[in-house]
Amino acid sequence: GDYLTYNRQLAPLTVRNYTTDVAPFGDYLEKRCIDSFEDIDRLIIRGYLAWLLEIGYVKASVSRKLSSLRSFYAFMKERGLVQRDETDLVSAPKSASKLPPIANEGGIQALLEAPSATTDTGVRDRAILELAYACGLRVSEIAGLDVGDTDLEQRQVRVTGKGSKDRVTVMGVPAVAAVTRYLDRVRVGIAKESQPAMFLNRGGTRLSQRSIQKLVKKYALIAGLALDFSTHTI
């Protein structure tokens, strides 16, 4: 993070993107019991990209993660920490360019910082926005999340998407921090013992899709974004 911030003079959100995008590679290597960068060849990197697609990442996200991995390797080589680098021998998945355009970094940063950090509603809504950004969740997926769908230690979220198909996505550190803050400071005080839903309204019941849509638009307005902004844009 310090290298990216100072040596390359990148914006804080860009630094977050890089560190978040490289983190799943470490998870994959751990699953494969690989503990040396010198053991990583093009086949392992291709296997990593295939694994990302398998657990639910869209092609655009996989392409971005490969780009971040190349930058990470460049940093490692510059520091003399690795000799073998075969990231340039692996191609990104095709058709990523056909996805809709995303919001600019400044707009996303403003959106994430729009909820108040001093109110229960603001803490909850920050967690919602961080998850939407980190995991690419739809409104229906956010509303349908249960507490048991998250593994904060492993930074994973199991999501039931269209057609009742499950996928697992990885959270970055900011999303984990925001969700933990919500669970510990807000949800614990309003949830009934038998309530499985992750995100609750003031009455302690599951937050509706409509309510999530409204709060996203509210914070988009505060952040100065377009009125048609949605979680899909995130």
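What counts as what
Position labels on residues start from 1 in each chain and follow its written sequence. With the structure being a predicted model, the display of local features is reserved for residues of pLDDT at least 70 and the display and counting of side-chain atom pairs for 80 or more, all residues being used for whole-chain, interface and lining totals. To get the side-chain values, all heavy atoms of the structure are used, and hydrogens and water are removed first. The working definition used for a salt bridge is a side-chain nitrogen of Lys or Arg within 4 Å of a carboxyl oxygen of Asp or Glu. Helix numbering and strand numbering both begin at the N terminus, where a helix is a DSSP run of H or I of at least 4 residues and a strand a DSSP run of E of at least 2. Whether a residue is buried, partly exposed or exposed follows from its accessible area with a 1.4 Å probe, protein chains only, as a fraction of its type maximum: under 20%, in between, or over 50%, in that order. Strands pair, by our definition, only if DSSP identifies at least two bridges between them. Working rule for contacts: check all heavy atoms of both residues, and any pair within 4.5 Å makes them a contact. A fitted line through C-alpha atoms serves as each axis, taken over the contacting stretch for helices, and the angle formed by two N-to-C directions is quoted from 0 to 180°. In this scheme, roughly parallel covers angles under 35 degrees and roughly antiparallel covers those over 145, while 65 to 115 is roughly perpendicular and the rest are oblique. Should the near helix be turned counterclockwise from the far one by less than a right angle, the crossing is left-handed, whereas a clockwise turn marks it as right-handed. Lys, Arg, Asp and Glu make up the charged group, whereas Ala, Val, Leu, Ile, Met, Phe, Trp, Tyr, Cys and Pro make up the nonpolar group; the residues left over, Gly among them, are polar.

Next up on the list: the pattern of salt bridges. Counted according to the given criterion, the structure contains ten salt bridges. The salt bridge partner of Arg-126 is Glu-130, with a shortest N-O separation of 3.0 Å. Placement of the pair is Arg-126 and Glu-130 together in helix α6 (residues 120-135), with a separation of four residues, close to one helical turn. With relative accessibility at 22%, the residue Arg-126 sits in the partly exposed group. Put simply, Arg-42, Arg-84 and Glu-86 are held in one network by salt bridges that share partners.

Among the five residues that make up strand β3 (residues 166-170), four are buried, leaving the element largely enclosed by the rest of the structure. By the bridge criterion, five bridges tie strand β2 (residues 156-160) to β3 in an arrangement that is antiparallel. Bridge pairing in β3 places Thr-160 opposite Asp-166.

Moving on: the sheet that holds β2. Taken in spatial order, the three strands line up as β1-β2-β3 in an open sheet, and their pairing is antiparallel. Lying at the two open borders of the sheet, with one neighbouring strand each, are β1 (150-151) and β3. Of the strand pairs in this sheet, β1 and β2 are connected by two bridges, and their pairing is antiparallel. In the strand pairing of β2, Thr-150 is matched with Val-157. Lying on the sheet, α6 is in contact with β2 and β3; it crosses β3 at an angle near 100°.

This paragraph deals with the packing of α6 against helix α8 (residues 173-190). Between α6 and α8, the shortest axis-to-axis distance is 8 Å and the interhelical angle comes to 150°. Between α6 and α8, the interaxial angle falls into the category roughly antiparallel. Where α6 crosses over α8, the two elements pack in a sense that is left-handed. Counting all contacts with α6, which are made through Asp-120, Val-123, Arg-124, Arg-126, Ala-127, Glu-130, Leu-131 and Ala-134, the residues of α8 involved are Pro-174, Ala-175, Ala-178, Val-179, Arg-181, Tyr-182, Arg-185 and Val-186. Taken together, the residues that form the contact of α6 with α8 break down as ten nonpolar, no polar and six charged.

Closest axis-to-axis distance for the helix α3 (residues 42-54)/helix α4 (residues 59-78) pair is 9 Å, and the angle between their directions is 150°. Seen along the crossing, α3 lies across α4 with a hand that is right-handed. Residues Ile-45, Tyr-48, Leu-49, Leu-52 and Leu-53 of α3 pack against Lys-59, Val-62, Lys-65, Leu-66 and Leu-69 of α4. Among the residues making up the contact of α3 with α4, the classes are represented as eight nonpolar, no polar and two charged.

At Cys-33, a position not held by glycine, the phi torsion is positive, near 60°. Within the element layout of this structure, Cys-33 appears in the loop between α2 (12-31) and α3. With a phi angle near 60°, Arg-155 is a residue other than glycine that sits in the positive phi range. Looking at where Arg-155 falls in the secondary structure, it is placed in the loop between β1 and β2.

So far we have only geometry, and geometry alone does not tell us how the molecule works.
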